[in-house]
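Fold and contact review
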Amino acid sequence: HGDVQEMEMRTKQHKVKRSAQVSRARSMHHMQALEFTRWTPRLQEGHSSSQVLGDSCFETRYVVKQLPSPAEHGAIEVSSDPVHLSMTWIIKTLTMMQSVLRTPPPIQSRMYQELSNGYVHFTNA
């Protein structure tokens, strides 16, 4: 349900067709060429309002608040499970920031639940 709302928001804000927000099988052929290499998303430091969606995830430059440090980038490159490593960093950061965020416990619990749901769906994809 949240994904559909997110797509609708992108459609309105960035005037991007919904079909352009879905990875098609033809764009996955790019991954076959990279079968024995790692595809790393292209990151750009900036504000989320400057995010522009490409025709596929392989053409999109993702806007992040801060680029990974050389040590973080290296850890992701050599990790056997970079998604799990990234998820661990996100959860650790949220846990360390709980007292600073001053977010009510039910909302914090929901953040962890949604991260978990996303990871489960990624794993099952």
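What you see is a predicted model; the values in this text were computed from it and never measured.

Quick word on the overall build of the chain
What the chain contains, in helices and strands, is six helices and two strands. Walking the chain from its N terminus toward its C terminus, one meets helices and strands in the order α-α-β-β-α-α-α-α. Here the chain, with 125 residues, has 11% of them falling under the buried criterion. Considering only intrachain contacts with a sequence separation of at least 6, the fraction spanning at least 24 residues in the chain is 34%. Carbon and sulfur atoms make up 59% of the accessible area of the chain, which amounts to about 9,900 Å² in all.

With respect to unusual backbone geometry
Glycine aside, a negative phi is what most residues show, and trans is what most peptide bonds show. Positive phi is not limited to glycine here, since Arg102 has a value of about 55°. Following the sequence through the fold, Arg102 ends up in the loop between α5 (98–101) and α6 (105–124). With a relative accessible area of 74%, Arg102 lands in the exposed category.

A look at the confidence of the model for the chain
Here the chain averages 78 in pLDDT, and 73% of its residues register 70 or above. By mean pLDDT, helix α2 (residues 25–33) is the weakest element of the chain at 52, and α6 is the strongest at 91.

Definitions and limits used
Here the residue numbering is sequential within each chain, running from 1 through the sequence in written order. Where local features are concerned, this predicted model is filtered to residues with pLDDT of at least 70; where side-chain atom pairs are given and counted, the filter is 80 or more; whole-chain, interface and lining totals use all residues. No hydrogens and no water enter the side-chain calculation; it runs on all heavy atoms of the structure. Numbering of helices and strands runs from the N terminus; a helix is a DSSP stretch of H or I covering at least four residues, while a strand is a stretch of E covering at least two. For the exposure calls, accessible area comes from a 1.4 Å probe over protein chains only, and a residue counts as buried if that area is under 20% of its type's maximum, exposed if over 50%, partly exposed in between. In this analysis, two residues are considered to be in contact whenever any of their non-hydrogen atoms come within 4.5 Å of each other. Only the protein chains shown count as covering a residue, and every accessible area follows the Shrake-Rupley method with a 1.4 Å probe. pLDDT measures how confident the predictor is about each residue, on a scale from 0 to 100.

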